[in-house]
Amino acid sequence: MKNLPLSLTLAAVSGVLTLKSPADWSPRMRRAFVVAPGAAIGLIAAAAVRQGSRKGQDLAAAGRVDLVTPAASMSGDGAAGTAPLPSYVRAGARPAGLPATALAVLAVTVGVTVSGVLAVSLVLDERLETWLVRRGVARPRRVMALIAAVSSLILDQIMDSKDSKHSEDARQ
């Protein structure tokens, strides 16, 4: 764990948030838990793709990057043996942005996926709590909170080990 205080804090927050059962939430709160993050993350994803696309277009229009044309044909004059540069690299040319429908489809797809995962998490939470009660656990939410906190620490350790492995591979 690279940042032990942060890892412990996140684990504690995971555990504390698990103590309150979603079954005790109002139907409106459960809907908000599922729909609001999905809508927000969908919009954020579409905005990020749009911003990245614009940045790439700006760099390409300035002639600083070309991700389409092979490097051998970058002379741009169309002279013997070389292909002319794409219109977005030539002086002042500005390509059309991503279609609005493509961004909308991206936002909806990401939003529905996130909302689906959250809806499934509510079902799994309820089933795990029921399973623990059937096994005779007196305080299932506390056991679930402990599982959440320990899982958070384990995942953090796994991610740190993968990060260090990737950084070692990059140095070689």
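Structure: see above.
Because the structure is predicted, anything quoted here is derived from the model rather than measured.

A. Seen up close, the pattern of salt bridges. In this structure the tally under the stated criterion is three salt bridges. Two residues, Lys-20 and Asp-24, come together in a salt bridge whose shortest N-O distance is 4.0 Å. Accessibility expressed as a relative area gives 46% for Lys-20, which makes it partly exposed. When the shortest N-O distance is used, the salt bridge between Arg-141 and Asp-125 registers 2.8 Å. Of this pair, Arg-141 sits in helix H4 (residues 140-171) while Asp-125 is found in helix H3 (residues 100-134), placing the two residues 16 residues apart along the sequence.

B. Focus on the packing of helix H2 (residues 27-61) against H3. The contact between H2 and H3 brings their axes to 7 Å, and the two run at 150 degrees. Compared by their axis directions, H2 and H3 come out roughly antiparallel. Crossing geometry of H2 relative to H3 is assigned as right-handed. Here the residues of the contact of H2 with H3 are counted per class, giving 17 nonpolar, five polar and two charged.

C. Molecular detail of H3. Taking 1.5 Å of rise per residue, the 35 residues of H3 would be expected to cover 51 Å, and the 51 Å separating its terminal C-alpha atoms lies within 8% of that figure. Inspection of H3 places Leu-103, Ala-107, Gly-111, Val-114, Ser-115, Leu-118, Leu-122, Asp-125, Glu-129 and Leu-132 among the buried residues, and these make up the whole buried set. Directly beyond the C-terminal end of H3, a positive phi value near 90 degrees is found at Gly-136.

Conventions and cut-offs
Residues numbered from 1 in each chain as written. Predicted model: local features only at pLDDT ≥ 70, side-chain atom pairs only at ≥ 80, totals over all residues. Heavy atoms only, no water. Salt bridge = Lys/Arg side-chain N within 4 Å of Asp/Glu carboxyl O. Buried < 20%, exposed > 50% of the residue type's maximum accessible area, 1.4 Å probe, protein only. Helix = DSSP H or I, 4+ residues; strand = E, 2+ residues; numbered from the N terminus. Axes fitted to C-alpha atoms, helices over the stretch in contact; angles between N-to-C directions. Parallel < 35°, antiparallel > 145°, perpendicular 65-115°, else oblique. Left-handed = near helix turned anticlockwise from the far one by under 90°. Nonpolar A, V, L, I, M, F, W, Y, C, P; charged D, E, K, R; others polar. Expected span 1.5 Å × (residues − 1).

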